[in-house]
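An overview of the molecular structure
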Amino acid sequence: MRSGPFVAVLAATVLAFGGYALMLPVVPLHAAAGGASPAAAGATTGVFMASTVAAQLTVPAVLRRIGPRAGLVVGVLALGAPAVLMVVTAALPVLFAVAVVRGLGFGLVTVTGAALVADLAPPARRGRATGLYGLAVGLPQLALLSGGVWAYEALDGAWVLLAGALLPVAAAPACWRLPGRSVAATDGTPSRRALPADAVTGPWTAMVVSAAAAGGVITVLPLWTPAPGTPGLAGGTVVAAVALAVLTAGQLLGRGISGEIADRARPAGPVITLVGLGVVALGAAVVGLGGTSAGWVVLAGAGLVGLGFGAVQNDTLLSLFARAGPERSSTASTWWNTAYDAGTGLGAAALAAVLGGLSGAAAFVIAAGACLLVAPIAARRPRREGTRAR
């Protein structure tokens, strides 16, 4: 884990996700500043995420052809370089085209980076390795998701867009320290066998639903906050901004703790995932049932959502890697990343619709209930794994 290639993966991840986090809220702002309607401005993010998921489904086949080093180089360049076009125009056709190319690059970055972590880390330290990878993913988002919005409004927006373009491109030199082919593919013929459905169903379902709950909370919170004048806080807007930062910090803490527990205690079965789902449900319920009367309740609930979601992230990734085996780490990474991104998008859309049709409290309670309902599915083991356990 102190080797040059592993450090290079973390460095490339920090820079790539720095560009991603900076641009995620800024591109819709840039579109709106150019005259786009709110729906059209939001669609730029939708196009980006749809392109990301589509790319993730193809990454294992791409990596078999070009290897992880070239895959990550292509990914960071595609994520960053096209964004330079947005410095000179806010025309919607250009923004949509750039979103497609950037999404393809982000899909390569997410799947390749997670697969490399599994390939490069010793099996006995894989929990800590994925926890460190989670920090590399989360720290840029903690700093730049809200920081990018402030910078775009307070500074020259062109410089913010240029920074978002250059950060992923700057990751390319670090990628040259990476292996040219999968570490596991010692004979040059990595396995093409698909993962059995029963090996994927539990972790994938837990990841989709927890991502939907967290993504929904992130989307709904700025739209539904305590009334201004909450004791100790400056009002609803500040509550939402601080709560999102607390949620992101909770994710980092959850991933780190989950990784350490996985390495040291090695619990049998998806214990950490089930606990994480319960914590996400508790946090969403706390926000939904008590958040209208006390800003501190919102912060506490958001922290619990982040803590539980981080634990689920790390444990489901480890579970998929273990069930896939070293020769199919990119396939496991694809399943996990598609669950993360698809769940986030679906949850944001669904809970925002509940907010509009019913209330914010209903949206959060539905998120909590969904996490509890899928717990029996998440608890299932593959048939072969269950046989070994017995």
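Residues numbered from 1 in each chain as written. Predicted model: local features only at pLDDT ≥ 70, side-chain atom pairs only at ≥ 80, totals over all residues. Heavy atoms only, no water.

Overview of the overall build of the protein chain
The line we're drawing: In this text, helices come from DSSP runs of H or I with a minimum length of four residues, and strands from runs of E with a minimum of two, each type numbered from the N-terminal end. Each residue is assigned to one of three classes by its accessible area relative to the maximum for its type, calculated with a 1.4 Å probe on protein chains only: buried under 20%, partly exposed between the two thresholds, exposed over 50%. Here a residue-residue contact requires only that any non-hydrogen atoms of the pair lie within 4.5 Å. Per-residue and other accessible areas were derived by the Shrake-Rupley procedure at a 1.4 Å probe size, with only the shown protein chains allowed to occlude residues.
Looking only at helices and strands, one finds 15 helices and 0 strands in the protein chain. By the burial criterion, 52% of the 390 residues in the protein chain qualify as buried. Look at the contacts in the protein chain between residues 6 or more apart in sequence, and 84% of them connect residues 24 or more apart. Looking at the protein chain as shown, the accessible area adds up to about 15800 Å², and 70% of this sits on carbon and sulfur atoms.

Considerations on the pattern of salt bridges
Cut-off, in case you're wondering: The rule for a salt bridge is simple: a side-chain nitrogen of Lys or Arg has to be within 4 Å of a carboxyl oxygen of Asp or Glu.
Summed over the entire model, instances satisfying the criterion amount to 1 salt bridge. Glu 260 is the salt-bridge partner of Arg 128, the closest N and O atoms lying 2.8 Å from each other. Of this pair, Arg 128 sits in helix H5 (residues 126–154) while Glu 260 sits in helix H9 (residues 236–264), and the two are 132 residues apart along the sequence.

A closer look at empty space enclosed by the protein
The condition is simple: Within this scheme a cavity is a closed region of a 1 Å grid, computed over the protein atoms alone, that accommodates a 1.4 Å probe without allowing it to escape, whereas a pocket is open but has protein on both sides within 12 Å along at least five of seven lines; lining residues each have an atom within 4 Å of a point. Grid points are joined across faces, edges and corners, and a volume is the space filled by probe spheres set on the points. For this classification, Asp, Glu, Lys and Arg are treated as charged, while Ala, Val, Leu, Ile, Met, Phe, Trp, Tyr, Cys and Pro are nonpolar and the rest, including Gly, are polar.
Using the criterion set out here, one finds 2 cavities of 30 Å³ or more in the structure. Within this model, the largest cavity holds a volume of roughly 100 Å³. If you go around the largest cavity, you meet 13 residues; those closest to its centre are Met 23, Val 27, Thr 44, Phe 48 and Arg 102. Those elements that provide at least two residues to the lining of the largest cavity are helix H1 (4–33), helix H2 (38–56) and helix H4 (92–120). Among the elements that make up the lining of the largest cavity, the one with the highest residue count is H1 (5 residues). Of the residues that constitute the lining of the largest cavity, the class distribution is 10 nonpolar, 2 polar and 1 charged. If you add up the space inside the second largest cavity, you get close to 50 Å³.

Some words on the packing of aromatic side chains
In plain terms, the rule: Whether two aromatic rings pair depends on their centres lying within 6.5 Å, for rings of Phe, Tyr and Trp, where Trp uses its six-membered ring; planes under 30 degrees apart make the pair stacked, over 60 edge-to-face, and the rest tilted.
Counting across every chain of the model gives 8 aromatic pairs. Their ring planes at 90° and their centres at 6.3 Å tell us that Trp 204 and Trp 335 sit as a pair that is edge-to-face. With Trp 204 in helix H8 (residues 197–220) and Trp 335 in helix H12 (residues 329–357), this residue pair connects regions lying 131 residues apart in the sequence. Clustering of aromatic rings is evident, with ring pairs tying together Phe 17, Tyr 20, Phe 48 and Phe 106.

Digging into a nonpolar patch on the surface
For the record, the criterion: The residues that make up patches have over 30% relative accessible area and no salt bridge, and they are joined within 9 Å when like-charged or within 5 Å when they are Val, Leu, Ile, Met, Phe, Trp or Tyr.
On the surface, Leu 132, Leu 135, Leu 139 and Leu 142 cluster together into a nonpolar patch covering about 280 Å² of accessible area. Here Leu 142 lies in helix H5. Judged by its relative accessible area of 30%, Leu 142 is partly exposed.

Overview of the packing of H1 against helix H6 (residues 157–169)
Spelled out, the test is: Between N-to-C directions, angles span 0 to 180 degrees; the directions come from axes that are lines fitted to C-alpha atoms, helices contributing only their stretch in contact. Oblique is the label for any angle not covered by the other classes, which are roughly parallel (under 35 degrees), roughly antiparallel (over 145) and roughly perpendicular (65 to 115). Each crossing is labelled by how the near helix is turned from the far one, with a counterclockwise turn of less than a right angle marking it left-handed and a clockwise turn marking it right-handed.
Put simply, H1 and H6 touch, their axes get as near as 8 Å, and they point 150° apart. Between H1 and H6, the crossing angle belongs to the class labelled roughly antiparallel. Note that H1 runs across H6; the crossing there is left-handed. Of the residues in H6, those touching H1 at Leu 15, Ala 16, Gly 18, Gly 19, Leu 22, Met 23, Val 26 and His 30 are Val 160, Leu 161, Ala 163, Gly 164, Leu 167 and Pro 168. Residues that form the contact of H1 with H6 fall into these classes: 10 nonpolar, 4 polar and no charged.

Looking at H4
The condition is simple: In this analysis, the expected span of each helix is defined as 1.5 Å times one less than the number of residues it contains.
For H4, spanning 29 residues, the distance from its first C-alpha to its last is 41 Å, which sits close to the expected 42 Å at 1.5 Å a residue. Of all 29 residues making up H4, 21 are buried, and the element is well covered by its neighbours.

Some remarks on the environment of Leu 166
Counting through the fold element by element, Leu 166 comes out in helix H6. We classify Leu 166 as partly exposed; its relative accessible area is 46%. In this structure, the C-alpha to C-alpha distance between Leu 166 and Gly 18, residues 148 residues apart in sequence, is 9.8 Å.

Looking at the side chain of Thr 112
Test applied: The definition of a polar contact used here is a pair of N or O atoms within 3.5 Å, where within protein one atom must be able to donate a hydrogen and the other to accept one, and adjacent residues in sequence count solely through side-chain atom pairs.
As for its position among the elements, Thr 112 is in helix H4. A distance of 2.7 Å separates the side chain of Thr 112 from the backbone oxygen of Leu 108, its partner in a polar contact. Look past the residues within four positions of Thr 112 in its chain and what remains in contact with it is Val 59, Leu 63, Pro 68 and Leu 72.

Quick word on the side chain of Asn 337
Its place among the elements puts Asn 337 in helix H12. Side-chain polar atoms of Asn 337 contact the backbone oxygen of Thr 110, separated by 3.4 Å. Beyond its immediate sequence surroundings of up to four residues, Asn 337 is in contact with Gln 56, Thr 110, Val 111 and Ala 114.

Comments concerning the environment of Asn 314
When you line up the elements, Asn 314 lands in helix H11 (residues 295–324). Residue Asn 314 is classed as buried on the basis of its relative accessible area, which comes to 0%. Distance in space between the C-alpha atoms of Asn 314 and Gly 259 is 6.5 Å, their sequence separation being 55 residues. Non-local contacts of Asn 314, meaning those with residues more than four positions away in its chain, are made with Gly 127, Thr 130, Gly 131, Arg 255, Ser 258 and Gly 259.

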